[in-house]
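Summary of structural features
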Amino acid sequence: MDFFASLLRMTFMFFMFRIVITLISSISASRKMKDQMRKNSSDNMASSPNSSATDSSNRPAALNIEMVKDQLCGTFVAKDKAYIVRTGGQDHYFCSWECRERYADQAGS
Ligand SMILES: [Zn+2]
């Protein structure tokens, strides 16, 4: 019976040891996870001002879009979206193809 009791104690000790090991490893793993979470969050915190800085640097570029006046209907259009008619070395901008055509008709007649 002494042998059986010692064997039982050994197995009990072994399982306890294993439980402690798994607990420690899980705790350290969770700590690592938390550290990574913290690192990620700090990275996000650090990267968000950068992204906003790029946004703010993009905004003036968007505001720098040159607006041109449609000579026919008087509408202001972004230059890159305007329909352009080049007559006599001068560029004429129009809000739509319709305006452009009408201007061409007027210029032709
Ligand atoms: Zn127009």
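Per chain, residue numbering runs from 1 following the sequence as it is written. A pLDDT threshold of at least 70 governs which residues receive local features in this predicted model, and a stricter bar of 80 or more applies before side-chain atom pairs are shown or counted, although totals over entire chains, interfaces and linings include all residues.

Secondary structure assignment for the protein yields 2 helices and 4 strands. By definition, any uninterrupted DSSP run of H or I lasting at least four residues is a helix, any uninterrupted run of E lasting at least two residues is a strand, and each is numbered from the N terminus. The order of helices and strands in the protein, counted from the N terminus, is α-β-β-β-β-α. Comment: burial labels come from other C-beta atoms within 10 Å of the residue's own C-beta, placed from the backbone, where a count of 20 or more is buried, 12 or fewer is exposed, and between is partly exposed. Looking at the protein residue by residue over its 109 residues, the buried ones come to 6%. Contact between residues is assigned whenever the C-beta positions, reconstructed from backbone atoms, fall within 7 Å. Of all intrachain contacts in the protein linking residues separated by at least 6 positions in sequence, the fraction that spans at least 24 positions is 21%.

This part is about the nonpolar core. Buried Ala, Val, Leu, Ile, Met, Phe, Trp, Tyr and Cys residues whose C-beta atoms connect them within 7 Å together make up a nonpolar core. Judged by nonpolar contacts, Ala82, Tyr93, Phe94, Cys95, Cys99 and Tyr103 together constitute the single largest core of 6 residues. Listing elements by their share of this core, those giving two or more residues are strand E4 (90–94) and helix H2 (97–108). If we skip the residues at most four places from it in the chain, Tyr103 touches Gln71, Leu72, Val85, His92 and Phe94.

The buried fraction of strand E3 (residues 83–87) is low, at 0 of 5 residues. Between E3 and E4, which pair antiparallel and follow one another directly, the connecting turn spans 2 residues, one of which, Gly88, has a positive phi of 60 degrees. Two strands qualify as a pair provided DSSP detects at least 2 bridges between them.

In this section: the pairing of E4. Pairing geometry for E3 and E4, over 5 bridges, is antiparallel. Pairing of Val85 across the sheet is with His92, part of E4.

Moving on to the confidence of the model for the protein. Scored from 0 to 100, pLDDT records how confident the predictor is in each individual residue. Across the protein, pLDDT averages 82, with 77% of residues at or above 70. Across the protein, the element-wise mean pLDDT spans from 77 in helix H1 (residues 2–63) up to 95 in strand E2 (residues 76–78).

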